[in-house]
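Listed below, chain by chain, are the residues.
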Amino acid sequence: MIDGADGMPSSGAYAHRFGSLRRAYFLVGFTPDRDHRCIEANRVLRQFHGDEIKRVIHEITLLGGAVIRNPATDLPTINSAFTASVVVARCRETSSGGLRWKIRFDTGLAPDITIAIRMNRTNTRALDYDPLPQFQMRSNLLGLPRKTA
């Protein structure tokens, strides 16, 4: 509605000025009908994803590996041997209390491996890192159950 209103700044302008559209709503006492916690969680996970890609590349180089990122796709090539995609899998709790992660593969870029970062129960930190070769990517979505010790 904000973007469609004549004579009003765009929703992006409010988000820029107040840090987020949700924060602008809060300051004027408006409570949206929808639960926007998932939007905030997505924002945090996007930031985590960018930071984590940098960290993974840094760790590979510390171990003596070479990483070159394709400027067109941003896909890293490791040791001139294979490409890798890094994806973050949000933790979701089932109605029975089990934990599940849905891994969305970047099939359009066709990386040789996907490094899936599974998040902890609260989606605040990485639980583990699962390298998945392309041959396991039968579709663009994979559901993983919790690993048992």
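Residues numbered from 1 in each chain as written. Predicted model: local features only at pLDDT ≥ 70, side-chain atom pairs only at ≥ 80, totals over all residues. Heavy atoms only, no water.

A. Broad picture of empty space enclosed by the protein. Tallying each qualifying case throughout the model produces one cavity of 30 Å³ or more. Empty space within the largest cavity amounts to approximately 40 Å³. Around the largest cavity, the lining residues are Ile53, Val56, Ile57, Ile60, Pro76, Ile78, Ala84, Val86 and Ile115. Where the lining of the largest cavity is concerned, the elements lending two or more residues are α3 (37-62), β2 (76-78) and β3 (82-89). (1 Å grid on protein atoms, 1.4 Å probe; cavity = no way out; pocket = protein on both sides within 12 Å on 5 of 7 lines; lining within 4 Å. Points joined across faces, edges and corners; volume = space filled by probe spheres on them. Helix = DSSP H or I, 4+ residues; strand = E, 2+ residues; numbered from the N terminus.)

B. Just the pattern of salt bridges, in detail. The full count for this structure, using the stated rule, is six salt bridges. A salt bridge links Arg55 to Glu59, with the nearest nitrogen and oxygen atoms 3.8 Å apart. Placement of the pair is Arg55 and Glu59 together in helix α3, with a separation of four residues, close to one helical turn. Given a relative accessible area of 34%, Glu59 falls into the partly exposed group. Glu93 is the partner of Arg121 in a salt bridge, and the nearest nitrogen-oxygen pair spans 3.2 Å. With Arg121 in the loop between β6 (113-119) and β7 (126-133) and Glu93 in strand β4 (residues 91-93), this pair connects stretches of sequence that are 28 residues apart. One continuous salt-bridge network, built from bridges that share partners, spans Glu52, Arg55 and Glu59. (Salt bridge = Lys/Arg side-chain N within 4 Å of Asp/Glu carboxyl O. Buried < 20%, exposed > 50% of the residue type's maximum accessible area, 1.4 Å probe, protein only.)

C. Seen up close, the layout of surface pockets. Of the pockets and cavities examined, the largest pocket occupies roughly 360 Å³. The wall of the largest pocket is formed by 14 residues, among which Val87, Val88, Ala89, Arg90 and Arg104 lie closest to the centre. Elements with a minimum of two residues in the lining of the largest pocket: α3, β3 and β5 (99-104). Here the residues of the lining of the largest pocket are counted per class, giving six nonpolar, two polar and six charged. (Nonpolar A, V, L, I, M, F, W, Y, C, P; charged D, E, K, R; others polar.)

D. Quick peek at the sheet that holds β7. A sheet is described by the order of its strands in space; here five strands give the open sequence β1-β2-β3-β6-β7, paired in mixed fashion. Each of the sheet's edge strands pairs with one partner strand only, and the pair in question is β1 (67-69) and β7. With direction set aside, neighbouring strand axes in the sheet form an average angle of 30°. Here two bridges tie β2 to β3, and the two strands are oriented antiparallel to one another. Note on β3: the bridge partner recorded for Ile78 is Phe82. (Pairing = 2+ DSSP bridges. Axes fitted to C-alpha atoms, helices over the stretch in contact; angles between N-to-C directions.)

E. Examining the pairing of β6 more closely. Burial of β6 is extensive: six of the seven residues sit out of reach of the surface. Here β3 pairs with β6 via six bridges, running parallel. Bridged to Ala89 within β6 is Arg118. Judged from the seven bridges that link them, β6 and β7 form a sheet pairing that is antiparallel. Within β7, the position partnered with Met119 by the bridge is Ala126. Following β6, the chain reverses through six residues before pairing antiparallel with β7; Asn123 in that reversal takes a positive phi of roughly 55°.

Purely geometric numbers; function is a separate question.
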